[in-house]
Every structure is written in C-alpha cells, then in structure tokens.
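Descriptive analysis of the structure
Chain by chain, the residues run as shown.
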Amino acid sequence: MTAGSEELVNFKMGGVPKESVELVDSHFHLDMWCRRSQEPRLGEEGPDSATQLVLVIANYCYPRNWPTGSARRDIRSDTRIRFSFGIHPRLAALESDQTLRKWGWELERLMDVQGTVSVGECGLDTSGRTSWRVLQRQKMIFESQVRIAARRGLPIVIHCRGGMRTSEECLPILGKHLMKTHRVHRHCFTGDLAEHRMWSEAFPNCKFGISPLIIRDRSLRSVVKQLSLEDLLIESDAPYFPLERGGVGSPFQVEGVVEAIAEDRAISIRSVAEATTRNARGLYQIE
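Here is a short report on the structure shown in this document. Predicted model only: the values in this text are computed from it and were never measured.

Reading the values: rules and limits
Residues numbered from 1 in each chain as written. Predicted model: local features only at pLDDT ≥ 70, side-chain atom pairs only at ≥ 80, totals over all residues. Heavy atoms only, no water. Helix = DSSP H or I, 4+ residues; strand = E, 2+ residues; numbered from the N terminus. Expected span 1.5 Å × (residues − 1). Buried < 20%, exposed > 50% of the residue type's maximum accessible area, 1.4 Å probe, protein only. Axes fitted to C-alpha atoms, helices over the stretch in contact; angles between N-to-C directions. Left-handed = near helix turned anticlockwise from the far one by under 90°. Contact = heavy atoms within 4.5 Å. Nonpolar A, V, L, I, M, F, W, Y, C, P; charged D, E, K, R; others polar. Pairing = 2+ DSSP bridges. Right-handed = clockwise from strand over helix to strand, strands pointing away. Salt bridge = Lys/Arg side-chain N within 4 Å of Asp/Glu carboxyl O. Polar contact = N/O pair within 3.5 Å; in protein donor to acceptor, adjacent residues only side chain to side chain. Core = buried A, V, L, I, M, F, W, Y, C linked by side-chain atoms within 4.5 Å.

As a further point, take helix α9 (residues 269–284). Between its first and last C-alpha atoms α9 spans 22 Å; for 16 residues at 1.5 Å apiece the expected length is 22 Å, and the two agree. Looking at α9, one finds that the buried residues are Val272, Ala273, Ala275, Thr276, Thr277, Asn279, Ala280, Leu283 and Tyr284. In the stretch just after α9, Gln285 is the one whose phi turns positive, near 50°.

Here it is as structure tokens:
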C-alpha cells in the first residue's frame, strides 16, 4: 500500500470497452475497502462497466486486521479472492519489538491458510522522515518475511517507497535469502527505467504492479510505455487512489489502468488484459 491517499481527480473514463473484458486485480486491501466503502463484499462487476474481475489478491498488511478463521471461510465463498499476508514497514515506527515478533510467528502460520498465495506486502519505506533506528527495525521485520517467502517458496509482494536509494537498501536483503529466480511482485511501481532495470537484473521473474496513479502521472506513463507487457501486473490498491475527490478506490478501477496502458501503446484493451492476467496467474501460480 502506498502511504496516504493521493486522489485522482478530474479523470473521466474514456468509454467502457465494447466487449466484456476479464481482468485481475493483483493488489487491493479488502479489509480497508469494506470499511471505507461500507460494502460487506465485492460485487460481481463495476458500475456502468463491462469489466469482470476474474481474480483478486486481497492483501492484508496490517496484522490487527488479519481475518479470523471464520472470516476467512466467509471471504473464500467468493472464489475470485486469494490471500496475501504481511507486515507493512510503516508499523516499525508504531509497534513494540514484542508485538512485531509475535506477528512474525503468526504470519508463518498464516502461510498454511487455504487460499494464501504470497507473503506481503512488506519491504522498506523511507518516503517520510525515517530515522536510522526506524529503518533498522523496518529491515528486521522485512528480513523475517523474506525468510518466510524463501522457506515456503511463495511469491513476495514488495513495498519499496523512497526512490532508488530505498531499492538499493531493499534488494540486498532479498538477495541474501532468495534465489535469483524467485517470483517477486514489485507493488505500485513508480520508478524510472534505471530502477526497473535494477530490479529486473536482480530478479528476472519480478513483475511490476501498475496502479491507478498511471491515469494522471504523465511521467509514469512514459516509463511504463517502454516496459514489456510481460513485466506488468495491474493493481487497484483499493481503497486508495479514488478517481473522484472524496470517493473510495475500487478494484474495478483496474479498467482505467488497462485503458491507459492500451492507449499509450495503440493496442487493444483486450491485449493488455490478456497479457497482465497471464502474468498474474503465472506469478501467483493460479490456474
């Protein structure tokens, strides 16, 4: 999750697709979305849209919100949903060492939960005024989760916010424990081509999550346009990044992400949808 909720305003969808399009939202926060939208569950399709979400990865990175066993059973009744569990780096500044260690033990057990497909989101965040002490605690929490991903052979969802320097701190921790072929989801990528190259060279199976930020960020669009479709995942990061001021971001906003990528490449929405769906299923090993 990207800290804060920068709103995407004055964006008008460029018309819904003329044919039904099946998409994957590779990263959203079901717990936060339900709370903010006041909806008990995810609908079958978005309003005024032909988009169909065929798979969604519900990312739980705040342990106080990790669903109980009965809640997980209820969530799994929606067969589109898979789980990812992790500990967000921002919690390093807010919680005690004892609490963080306890969550680390609980996280290992959650990897055995039916429907769990990855570890994270986890990583490093130096976008604010991060002290040396807090950064060391972030690294400690992060490394413990990397070890879980290595032991379990599961993909890891990376929150790396703070530019190239943060990537330079993050990658050695991953490289210490993971094989070069490990599957990595670089969540909410907003970097430049050099940062993309750094991650791709370190982990050739790394995929880069593109969020609704691309709808308004011309500089990000110019970078993403130069990346191979085979490198991309589509994510809403809902409930963050609402398209209207005061609104709530929705998983169905992945349609706008796909439209932006297709428009910039002068290719069909279906081409982008099929490629990114294939990427997500491959990374998370979901048929």
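Alright, that's what it looks like, and here's the rest.
Turning to the packing of helix α4 (residues 132–152) against helix α5 (residues 164–177), a few remarks are in order. Packing of α4 against α5 leaves a shortest axis separation of 9 Å and a crossing angle of 35°. When the axes of α4 and α5 are compared, the crossing they make is right-handed. Contacts from Leu135, Lys139, Phe142, Glu143, Val146, Arg147 and Ala150 in α4 reach Glu169, Cys170, Ile173, Leu174, Lys176 and His177 in α5. Counted by class, the contact of α4 with α5 contains seven nonpolar, one polar and five charged residues.

What follows is about the pairing of strand β5 (residues 156–161). Side chains on a regular strand alternate between the two faces of the sheet. Extensive coverage of β5 is indicated by the burial of five of its six residues. Bridging between strand β4 (residues 116–125) and β5 involves five bridges; their strand directions are parallel. Residue pairing in the sheet places Gly123 in a bridge with His159 of β5. Pairing analysis gives three bridges linking β5 to strand β6 (residues 184–186), with the strands arranged parallel. Bridging across to β6, Ile158 finds its partner in Arg186. Remark: the β5/α5/β6 crossover connection has right-handed handedness.

Attention shifts here to the pattern of salt bridges. Two side chains bearing opposite charge may form a pair once their charged atoms approach each other closely. Counted under the stated rule, the structure contains 17 salt bridges. Across the salt bridge formed by Glu95 and Arg64, the nearest N and O atoms sit 2.8 Å from each other. Here Arg64 lies in the loop between β2 (51–60) and α2 (69–75) and Glu95 lies in the loop between β3 (81–85) and α3 (97–110), a separation of 31 residues in the sequence. The class of Glu95 is buried, set by a relative accessible area of 14%. The partner of Glu143 in a salt bridge is Arg147, and the shortest N-O contact between them spans 3.9 Å. Taken together, the residues span about one helical turn, with Glu143 and Arg147 both in helix α4 at a distance of four residues. The class of Glu143 is buried, set by a relative accessible area of 16%. If you follow the salt bridges from partner to partner, you end up with Glu108, Asp112, Arg151 and Arg152 in one network.

Among all residues save glycine, negative phi is the norm, and among peptide bonds the norm is trans. Cis peptide bonds are those with omega within 30 degrees of zero, and the linkage from Gly120 to Glu121 qualifies with 20°. For Glu121, the location among the structural elements is in strand β4. Residue Pro239 is reached from Ala238 by a cis peptide bond, and omega for that bond is 15°. Note that Pro239 resides in the loop between β8 (232–234) and α8 (254–265). Positioned with a positive phi, Phe241 is a non-glycine residue whose angle comes to about 60°. Take Phe241: it is sitting in the loop between β8 and α8.

Turning to the side chain of Thr277, a few remarks are in order. On the secondary structure map, Thr277 appears in helix α9. A distance of 2.8 Å separates a polar side-chain atom of Thr277 from the backbone oxygen of Ala273.

Okay, the sheet that holds β5 next. With respect to topology, eight strands assemble into an open sheet ordered β1-β2-β3-β4-β5-β6-β7-β8, the strand pairing being parallel. In the strand order of this sheet, the two ends are held by β1 (21–28) and β8, each with one partner. On average, adjacent strands in this sheet sit at an angle of 30° to one another, irrespective of strand direction. The strands touched by helix α6 (residues 193–202) are β5, β6 and β7 (206–210); relative to β7, the strand with the most contacts, the crossing angle is about 145°. Running at roughly 140° to β8, α8 makes contact with β1, β2, β7 and β8 of the sheet.

Phe142, Ile156, Ile158, Leu174, Trp199, Ile214 and Ile261 are the most contacted members of the largest nonpolar core, which totals 76 residues. The element that contributes the greatest number of residues to this core is α4, accounting for seven residues. Ignoring any residue separated from it by four or fewer positions in sequence, one finds Ile156 in contact with Val119, Cys122, Phe142, Gln145, Val146, Ala149, Leu174, Leu178, His182, Arg183, Val184 and His185.

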